[in-house]
Amino acid sequence: QQYSVPSGQGFYHHPVAAGSDPSLNGRMHAGGHLRNSTAYDHQAQMMVASGAAGYPFMDPSSGGAANNELLTPSSRNPLSLDSASYGATGLKNFGNTCFMNCVIQCLVGTAPFSRYFLQGGWKKDLVRDNSKNGKSDVVVEFARLVHNMWRGQYGSLSPIAFRSAVGSCSAQFKSNDQEDAQEFASFILDTLHESMNRVHPRPPPERDLTPEEEFMFERMTDMQQADVQWGRYIRRNWSIMTSIFQGQVQSRLTCLSCKHTSTTYFTFTELSVPIPSYSGNGGKSATSLVRKSSLGRHNAPPVSIYQCLDAYSEVEVLEGDNKWQCPRCQTKRRASKRLLISRLPLVLIVHLKRFSTIGHFREKLETDVQFPTQNLNMESYVMPGVCKVAPTGYNLYAVANHFGTLSGGHYTASVFNGHRGQWNYFDDTRVSPVPEQKVASPAA
């Protein structure tokens, strides 16, 4: 894996959600820059999940009818796109573009996402704007790259046209500098969403709720609140990215004096979780992050992905200078804050925050984060009521790896080929099988 900035990612798919799209019964594994990512799919596949069962894919342009066009299952095998050759195509590195290669492998290994491009759905959704930002060119070149990689005619390809299109609309990725894979993944997913947003032209943003409306909103059930805010979001946003990769998080403040609450919701494409540190006796250390320099001296123990998710969703108390201005008390009060997932995506992308900032210095966190390749259970991290309408298990199908430091390194990716039932390891142009037990490595 080539990363200029350390960050890990994992991709999980939702196996049970395959009830909504059986093509997601496969698994995907993605790699990335120092910022690691993991992808899980629903069933039990989950680090990168998109579209969970119980959440029909609603297309605002169809008057609210379930959209069976974006993700139409062609078979019970998520990777059966009439190509037994997929999974053996490497990508050329143009000096420092391993961060790009690892992200491409993870995305191309996402079956329903690739099917959308292979079947030409992107052509009628593409918004060919008249501005010269080049975003439509990114979509065209990405579609061409997906097609060539799934054809499996070549051992490796040179994605020079795609890289050129990316550089034309992003100064950050135009040079030959090392970059962060997670930042590139966010850029490409946002670019594809904006370029294929079916809501066009987009209506103006929704106005903020009045105090009276906020009061009525807080009296709704959690599921009602989430549905209202999701409806507000998709009135301006609907694309293949929304169907597959986007989920929703609830953020709630509670006054510890009068118990008044203030609840907001935001959409996410990847779930960024912190990496906690624990003392040798199992207790949580005073510092929330492990410094790379201290790792070698103290041999910090590994942590599980569940401990990272615990840290993400744990209750935070706001006090001192961070007290909350309670609307009911009309003064600053101690308050609690908690994040819970209110809508699980079909493909869940988990980003491990491998950065430690101490003063003016930043370091990569070398903590070994252990995660399952099957049955990642998200039940403890979702809003009450979600478990009744959607499965909470995911299976891993893609992982982004980073080797090196914050200042330089290399990215690789591991991706599950559902057609062949095997994991492949992608190191730029080099592609080789990898045992499943070696997929969850400390480099993720």
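Data block above holds the structure.
None of the values given here were measured: they were computed from a predicted structure.

Account for the overall build of the chain, naming residues and giving values.
For the chain, the helix and strand inventory stands at twelve helices and 21 strands. Taking all 444 residues of the chain together, 56% fall into the buried category. If you take every contact in the chain between residues at least 6 apart in sequence, the share linking residues at least 24 apart comes to 77%. When the accessible surface of the chain is summed, it comes to about 18400 Å², and 49% of that surface belongs to carbon and sulfur atoms.

An account of the nonpolar core is requested, with residue identities and associated values reported.
Counting 87 residues, the largest nonpolar core has F113, F117, F162 and L271 as its most contacted members. Non-local contacts of F162, meaning those with residues more than four positions away in its chain, are made with M100, I104, V138, E141, F142, L145, F184 and I188. Within the second largest apolar cluster, six residues are counted, among which are C255, L318, W324 and A335.

Give a description of the packing of helix 4 (residues 135-151) against helix 6 (residues 181-195) that names residues and reports values.
Across the interface, helix 4 lies against helix 6 with an axial gap of 9 Å and an inter-helix angle of 105 degrees. Relative to helix 6, the element helix 4 is oriented roughly perpendicular. Of helix 6, the residues touching helix 4 (which contributes K135, S136, V138, V139 and F142) are I188, T191, L192, E194 and S195. Within the contact of helix 4 with helix 6, the residues separate by chemical class into five nonpolar, three polar and two charged.

Quick rundown of the pairing of strand 19 (residues 409-417)? Include the residues and the values.
Most of strand 19 sits out of view: eight of its nine residues are buried. Between strand 18 (residues 393-404) and strand 19, which pair antiparallel and follow one another directly, the connecting turn spans four residues. Strand direction decides the pairing type here: strand 19 and strand 20 (residues 422-427), joined by five bridges, are antiparallel. Along strand 20, the bridge assignment pairs S414 with Y425. Hairpin geometry of strand 19 and strand 20 is characterised by an intervening segment of four residues between the two adjacent antiparallel strands and by a positive phi of about 70 degrees at G421.

Lay out the packing of helix 2 (residues 111-118) against helix 4 with the relevant residues and their values.
At a minimum axis distance of 9 Å, the contact between helix 2 and helix 4 shows a crossing angle of 105 degrees. With respect to helix 4, the element helix 2 is oriented roughly perpendicular. Only V139, F142, A143, V146, H147 and W150 of helix 4 make contact with helix 2, whose side of the interface consists of F113, S114, F117 and L118. Residues belonging to the contact of helix 2 with helix 4 are distributed by class as follows: eight nonpolar, two polar and no charged.

Describe a nonpolar patch on the surface, and please don't skip the residues or the numbers.
A surface patch of nonpolar side chains, amounting to about 220 Å² of accessible area, comprises L256, V315 and V317. Relative to the elements of secondary structure, L256 occurs in the loop between strand 5 (247-255) and strand 6 (261-268).

An account of the packing of aromatic side chains is requested, with residue identities and associated values reported.
Per the stated rule, a full pass over the model turns up 14 aromatic pairs. Here the aromatic rings of F113 and F142 are separated by 5.8 Å at their centres, their planes lie at 45 degrees, and the arrangement is tilted. Here F113, found in helix 2, pairs with F142, found in helix 4; they are 29 residues apart in sequence, far enough to count as distant. Cluster of aromatic residues (ring-pair linked, three or more members): F113, Y116, F117, F142, F162 and F245.

Reading the values: rules and limits
- In every chain, residue numbers begin from 1 and rise along the written sequence.
- With pLDDT at 70 or above as the cut-off, local features in this predicted model cover only qualifying residues; side-chain atom pairs require 80 or more to be listed or tallied, and sums for whole chains, interfaces and linings still use all residues.
- Computation of side-chain values: all heavy atoms of the structure, hydrogens and water removed.
- A helix here means a DSSP run of H or I that spans at least four residues, while a strand means a run of E at least two residues long, and both kinds are numbered starting from the N terminus.
- Buried, partly exposed and exposed residues are distinguished by accessible area as a fraction of the type maximum, computed with a 1.4 Å probe on protein chains only: under 20%, between the cut-offs, and over 50%, respectively.
- In this analysis, two residues are considered to be in contact whenever any of their non-hydrogen atoms come within 4.5 Å of each other.
- All accessible-area figures derive from a Shrake-Rupley calculation using a 1.4 Å probe, and residue coverage is judged against the displayed protein chains alone.
- Throughout this description, the term nonpolar core refers to a set of buried Ala, Val, Leu, Ile, Met, Phe, Trp, Tyr and Cys residues connected via side-chain atoms within 4.5 Å.
- A fitted line through C-alpha atoms serves as each axis, taken over the contacting stretch for helices, and the angle formed by two N-to-C directions is quoted from 0 to 180°.
- Orientation is classified from the angle alone, with under 35 degrees giving roughly parallel, over 145 giving roughly antiparallel, 65 to 115 giving roughly perpendicular, and any other angle giving oblique.
- Three categories are distinguished: nonpolar for Ala, Val, Leu, Ile, Met, Phe, Trp, Tyr, Cys and Pro, charged for Asp, Glu, Lys and Arg, and polar for the others, with Gly belonging to the last.
- Pairing between strands is defined by DSSP: at least two bridges between the two strands are required.
- Note on patches: the residues involved have over 30% relative accessible area and no salt bridge, like charges join within 9 Å, and the nonpolar side chains Val, Leu, Ile, Met, Phe, Trp and Tyr join within 5 Å.
- Salt bridges are identified by distance alone: a Lys or Arg side-chain nitrogen within 4 Å of an Asp or Glu carboxyl oxygen.
- Two rings from Phe, Tyr or Trp (for Trp, the six-membered ring) form a pair when their centres sit within 6.5 Å of each other. Planes less than 30 degrees apart are called stacked, planes more than 60 degrees apart edge-to-face, and all others tilted.

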